[in-house]
Amino acid sequence: MSSSSLVSEARDRDGRSDWQRIVLVFWLTSLVEGIGVSQVFSFLAPYLSLVGVPDADRAPFVGLFSALIFVVGMPLVPLWGVWADKYSRKAVVIRSCLVEAVVFACVALSREPWQLAVSLLLIGFQLGNTGIMLGAIRDVVPRARIGTMIALFGASGPVGFAVGPALGGFLVDGLGWPLSSIFWVSAVLSIATAAIVWFGSQEVRPAFVPHGRVLPLAYGALRSVLGDPTVRRIFAIYGVAFVASQMSRPYQALIVESIVGKGAGLASSIGFVAGSAALVGAAIAPLGGIVGDRIGFRPVLIVALFIGGFALLAVPLVGAIPPLAVAVLVFTAANGLVGAMIFSLLATEVPAERRSQTLNLVYLPLYAAGIVGPLVGGAVSAVAGPTGPFWTGAAVFLVGAVVVALRVRTRAVPPDGPQEPVAPATLA
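Residues numbered from 1 in each chain as written. Predicted model: local features only at pLDDT ≥ 70, side-chain atom pairs only at ≥ 80, totals over all residues. Heavy atoms only, no water.

Turning our eyes to something else, we now look at the pattern of salt bridges. All told, the structure shown has 4 salt bridges when counted by the stated rule. The closest approach of N and O atoms between E257 and R58, which form a salt bridge, is 2.5 Å. A residue pair is termed long-range when its members are at least 10 positions apart, and E257 in helix α12 (residues 252-260) and R58 in helix α3 (residues 58-71) qualify at 199 residues. Here E257 matches R58 in class, with each residue buried. Here D85 makes a salt bridge to R89, at a shortest N to O gap of 3.7 Å. The same class applies to D85 as to R89, namely buried. Salt bridges sharing partners connect three or more residues here, namely D55, R58 and E257. (Salt bridge = Lys/Arg side-chain N within 4 Å of Asp/Glu carboxyl O. Helix = DSSP H or I, 4+ residues; strand = E, 2+ residues; numbered from the N terminus. Buried < 20%, exposed > 50% of the residue type's maximum accessible area, 1.4 Å probe, protein only.)

What follows is the structure, given as structure tokens:
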């Protein structure tokens, strides 16, 4: 083995000296993005009323407008990944933070449905940063801590999804601020995050830097990643989970509204249901990573899919805020575990030469599900009302769990144990 290979192996085993700072900076970056995006999802239904959408039309509009978030972003994801690997991961992450600020400011300024629609379309230009941060974390964290650190990073989004609705409820019901103020606060936080990334982190270069023109590299990476049968199966699992989540999440506010009614207390009730659920989900995801490091990521994934499906079934059956919060909490925690296990599987099972490409594209299933899920949810809600997306989403989750469980076969572990945290089972 060459000396450069030995150095690379040692770095992969021991990590980079500043890995803790990198994880912290990217954790805060993901947290702030989660705060803003969660506020869009949580308060979209009441905001549609503010911009003039009639109550009778809000359910299908919620689905349509939620899908707009991902329409522009999905085709750009391969490009951001190549630019990050070829030039600078740090610059691409900062780009995302600054675009976030513009998007949230535009949402706050929207006074007509078309203005809000254009603002949500702009979110597509801020996407593509999470996979890049995951790739950087994988390249600096010691091998033995990959599962735990990726699960910890994965918890940043749920924490943001907890803080965002709770903060919105406090600003509106606690301080009496207008609904648009929620998005102004998120715009300011996004600018602050860009400064944290710029001054608080050092560049992390991938192990294999691509050379050549950007477009051929971007879509060559896409073909390479999707050409791997293992990656395709893992992406399919992730896509199924997010279809169910994106199908139902935008309608949580309408379920809350059906219980507490409009007016005073609605924003804080939305914040309580979405915020408490996301907070517990954030606490559970790192625990799932620790368990996954020990027993394998796939067993945890299967259990999370089953629990999430049954929790989603319970959401339309409750008639009070506390049990609704519990049902949403269990589903959110299970969904967070699914994401953490998917990230860990990709980080440990994809070869090093394709690892950065794959992690750059890790949210591609989410973006596809982010378009399909809300559109299906909107169509279902037009027929069955706001409870329909929850029944359909639960069916998708449970079917996905059954399929994954049936396709798992045991894989023998070497007598001296695995050399890095891998699952003791693999998909057939």
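What follows continues from the structure just given.
When the terminal C-alpha atoms of helix α10 (residues 214-226) are compared, their 18 Å separation across 13 residues agrees well with the 18 Å that a helix rising 1.5 Å per residue should span. If you check which residues of α10 are buried, you get V214, L217, A218, A221, L222 and V225. All buried residues of α10 fall inside an arc of 135° around its axis, so they share one side. In α10, the exposed positions that point more than 90 degrees away from the buried face belong to L215 and R223. (Expected span 1.5 Å × (residues − 1). Arc of directions from axis to C-beta.)

Any empty space left between atoms is shown by rolling a water-sized probe over those atoms. Counted under the stated rule, the structure contains 2 cavities of 30 Å³ or more. In this structure, the largest cavity is lined by 32 residues; those nearest its centre are G157, F161, F242, Y363 and L366. For the lining of the largest cavity, the secondary-structure elements that each account for two or more residues are α2 (19-50), α3, α8 (146-174), α11 (229-248), α15 (321-349) and α17 (364-384). Here the residues of the lining of the largest cavity are counted per class, giving 17 nonpolar, 13 polar and 2 charged. Of the pockets and cavities examined, the second largest cavity occupies roughly 200 Å³. Lining the second largest cavity are 19 residues, with S42, F161, R249, Q252 and A274 positioned closest to its centre. Ranked by the residues each element gives to the lining of the second largest cavity, the list is headed by helix α13 (residues 266-295), at 5 residues. A class-by-class count of the residues in the lining of the second largest cavity yields 13 nonpolar, 5 polar and 1 charged. (1 Å grid on protein atoms, 1.4 Å probe; cavity = no way out; pocket = protein on both sides within 12 Å on 5 of 7 lines; lining within 4 Å. Points joined across faces, edges and corners; volume = space filled by probe spheres on them. Nonpolar A, V, L, I, M, F, W, Y, C, P; charged D, E, K, R; others polar.)

The next thing to look at is the confidence of the model for the protein chain. For the protein chain, the average pLDDT comes to 79, and 88% of its residues sit at 70 or higher. Looking across the protein chain, the model is least confident in strand β2 (residues 425-427), with a mean pLDDT of 36, and most confident in helix α9 (residues 181-200), with 94. Contacts for the low-pLDDT stretch residues 409-428, under 50 throughout, to residues beyond four places or in other chains number 42 contacts. (pLDDT = per-residue confidence, 0-100. Contact = heavy atoms within 4.5 Å.)

Turning our attention to the packing of aromatic side chains. Throughout the structure, instances matching the rule amount to 4 aromatic pairs. Ring geometry for W80 versus W83: centroids 5.3 Å apart, planes at 55°, classification tilted. Of this pair, W80 and W83 both sit in helix α4 (residues 73-86), 3 residues apart, which is roughly one turn of the helix. Taking the relative accessible area as the measure of exposure, W83 reaches 31% and is therefore partly exposed. The positively charged end of R249 is found above the aromatic ring belonging to F41, 5.8 Å away from the centroid. (Phe/Tyr/Trp six-rings, centres within 6.5 Å; stacked < 30°, edge-to-face > 60°. Lys NZ or Arg CZ within 6 Å of the ring centre and 35° of its normal.)

With respect to the helices and strands, the residue I259 is situated in helix α12. What makes I259 partly exposed here is its relative accessible area of 27%. On a C-alpha basis, the gap between I259 and V318 in space is 9.4 Å, while along the polypeptide they are 59 residues apart. Those residues within four positions of I259 in sequence are excluded, and the remaining contacts are G319, A320, I321 and L324.

Residues V303, I307, V326 and V330 make up a contiguous nonpolar surface patch of roughly 300 Å² in combined accessible area. Among the elements of the structure, α14 (297-314) and α15 are those that each provide at least two residues to the nonpolar patch. Residue placement: V330 occurs in helix α15. With a relative accessible area of 32%, V330 lands in the partly exposed category. (Patch = residues over 30% accessible without salt bridge, like charges linked within 9 Å, V, L, I, M, F, W, Y side chains within 5 Å. Areas by Shrake-Rupley, 256 points an atom, 1.4 Å probe, with all protein chains shown as cover.)

A word on the side chain of T29. The topology assignment puts T29 in helix α2. Not counting the four nearest positions on each side in its chain, T29 is found in contact with V93, C97, M133, T193 and V197.

Moving on, we get to α3. The terminal C-alpha atoms of α3, which comprises 14 residues, lie 20 Å apart, in line with the 20 Å expected from a rise of 1.5 Å per residue. Most of α3 is tucked away, with 10 of its 14 residues classed as buried. Within α3, the full set of buried residues consists of R58, A59, V62, G63, F65, S66, A67, L68, I69 and F70. Tucked inside the fold, the buried residues of α3 contact α2, α4, α6 (113-122), α11, α12 and α17.

As a further point, take the side chain of S42. Along the polypeptide, S42 turns up in helix α2. When sequence neighbours within four positions are dropped, the list of residues in contact with S42 reads P165, A253, I270 and A274.

Moving on to the environment of G212. Position of G212 relative to the elements: it lies in the loop between α9 and α10. As for G212 and K86, which are separated by 126 residues in sequence, their C-alpha atoms are 9.0 Å apart. Apart from residues lying up to four places away in sequence, G212 is in contact with K86 and L217.

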